[in-house]
Amino acid sequence: MIRQVAIIFGCLAVGELIVHFTSVSLPSSIIGMLLLTLLLKIGWIKLAWVKGISDFLVGTLPFYFVPAGVAVILYFDLIASSLLAIVVAAFGSTIIVLIVTGWVHQHLRNINRSSRSKANIN
């Protein structure tokens, strides 16, 4: 169990160092998770080494959202006064993301098709 926690916190610490020394505008926890994913993918860290702690963290994940839920209740009057703007922004951004994702997918698919046809010609 200590090794599992050390690996998780080690990746987080390296993420903190990367943010501190490079002034990257990403949260250090995200960088740490990406680092852990990379280390798992290339095989430097085995999944069994972190499986126990990761299963525990995923199992208790709903409890981590309780403070956010309480904050929503505390600021309900502020949210209610801006509800229309929040709904329009959420709906509009969802539509934009869907359109951009579809466009990028089609563009990449067309590039892939053209590179395959060029490879078949040669």
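This text follows the structure it describes.
All of these numbers come straight from a predicted model, not from anything done at the bench. (Residues numbered from 1 in each chain as written. Predicted model: local features only at pLDDT ≥ 70, side-chain atom pairs only at ≥ 80, totals over all residues. Heavy atoms only, no water.)

1. So, the overall build of the protein chain
Scanning the protein chain from terminus to terminus reveals six helices and zero strands. The linear arrangement of helices and strands in the protein chain, starting from the amino end, is α-α-α-α-α-α. For the C-alpha atoms alone, the extent of the protein chain along its principal axes is close to 65 × 50 × 30 Å. Burial analysis of the protein chain (122 residues in total) assigns 11% to the buried set. Sequence separation of 24 or more characterises 44% of the internal contacts of the protein chain that already satisfy a separation of 6 or more. Accessible area for the protein chain stands at about 10,000 Å²; split by element, carbon and sulfur atoms hold 75% of it. (Helix = DSSP H or I, 4+ residues; strand = E, 2+ residues; numbered from the N terminus. Buried < 20%, exposed > 50% of the residue type's maximum accessible area, 1.4 Å probe, protein only. Contact = heavy atoms within 4.5 Å. Areas by Shrake-Rupley, 256 points an atom, 1.4 Å probe, with all protein chains shown as cover.)

2. As for a nonpolar patch on the surface
A cluster of nonpolar residues, Phe56, Leu57, Leu61, Phe63, Tyr64, Phe65, Val66, Val70, Leu74, Tyr75 and Leu78, forms a patch on the protein surface that exposes about 1,200 Å² of accessible area. Secondary-structure elements contributing two or more residues to the nonpolar patch are helix H3 (47-59) and helix H4 (66-74). Structurally, Leu57 can be placed in helix H3. (Patch = residues over 30% accessible without salt bridge, like charges linked within 9 Å, V, L, I, M, F, W, Y side chains within 5 Å. Salt bridge = Lys/Arg side-chain N within 4 Å of Asp/Glu carboxyl O.)

3. Description of the packing of helix H1 (residues 2-22) against helix H2 (residues 28-42)
One way to put it is that H1 packs onto H2 with a least axis distance of 7 Å and a crossing angle of 125°. By the angle between their directions, the pair H1 and H2 is classed as oblique. Where H1 crosses over H2, the handedness of that crossing is right-handed. Between H1 and H2, the residues in contact are Ile7, Ile8, Cys11, Leu12, Val14, Gly15, Glu16, Ile18 and Val19 and Ser28, Ser29, Ile31, Gly32, Leu35, Leu36 and Leu39, respectively. Looking at the contact of H1 with H2 residue by residue, the class counts come to eleven nonpolar, four polar and one charged. (Axes fitted to C-alpha atoms, helices over the stretch in contact; angles between N-to-C directions. Parallel < 35°, antiparallel > 145°, perpendicular 65-115°, else oblique. Left-handed = near helix turned anticlockwise from the far one by under 90°. Nonpolar A, V, L, I, M, F, W, Y, C, P; charged D, E, K, R; others polar.)

4. Some remarks on the environment of Ala13
Mapped onto the elements, Ala13 comes out in helix H1. Judged by relative accessible area, Ala13 falls into the partly exposed class, the value being 39%.

5. A look at the pattern of salt bridges
Inspection of the entire model under this criterion finds one salt bridge. With a shortest N-O distance of 3.2 Å, Lys51 and Asp55 are connected by a salt bridge. Of this pair, Lys51 and Asp55 are both found in helix H3, four residues apart, which corresponds to roughly one turn of the helix. For Lys51, a relative accessible area of 42% gives the class partly exposed.

6. Thoughts on the packing of H1 against H3
Helix packing for two helices is described by the angle between their axes and how far apart those axes are. Between H1 and H3, whose axes approach to 8 Å, the crossing angle comes to 90°. Between H1 and H3, the interaxial angle falls into the category roughly perpendicular. Contacts from Arg3, Gln4, Val5, Ile7 and Ile8 in H1 reach Ala48, Trp49, Val50, Gly52 and Ile53 in H3. Residues belonging to the contact of H1 with H3 are distributed by class as follows: seven nonpolar, two polar and one charged.

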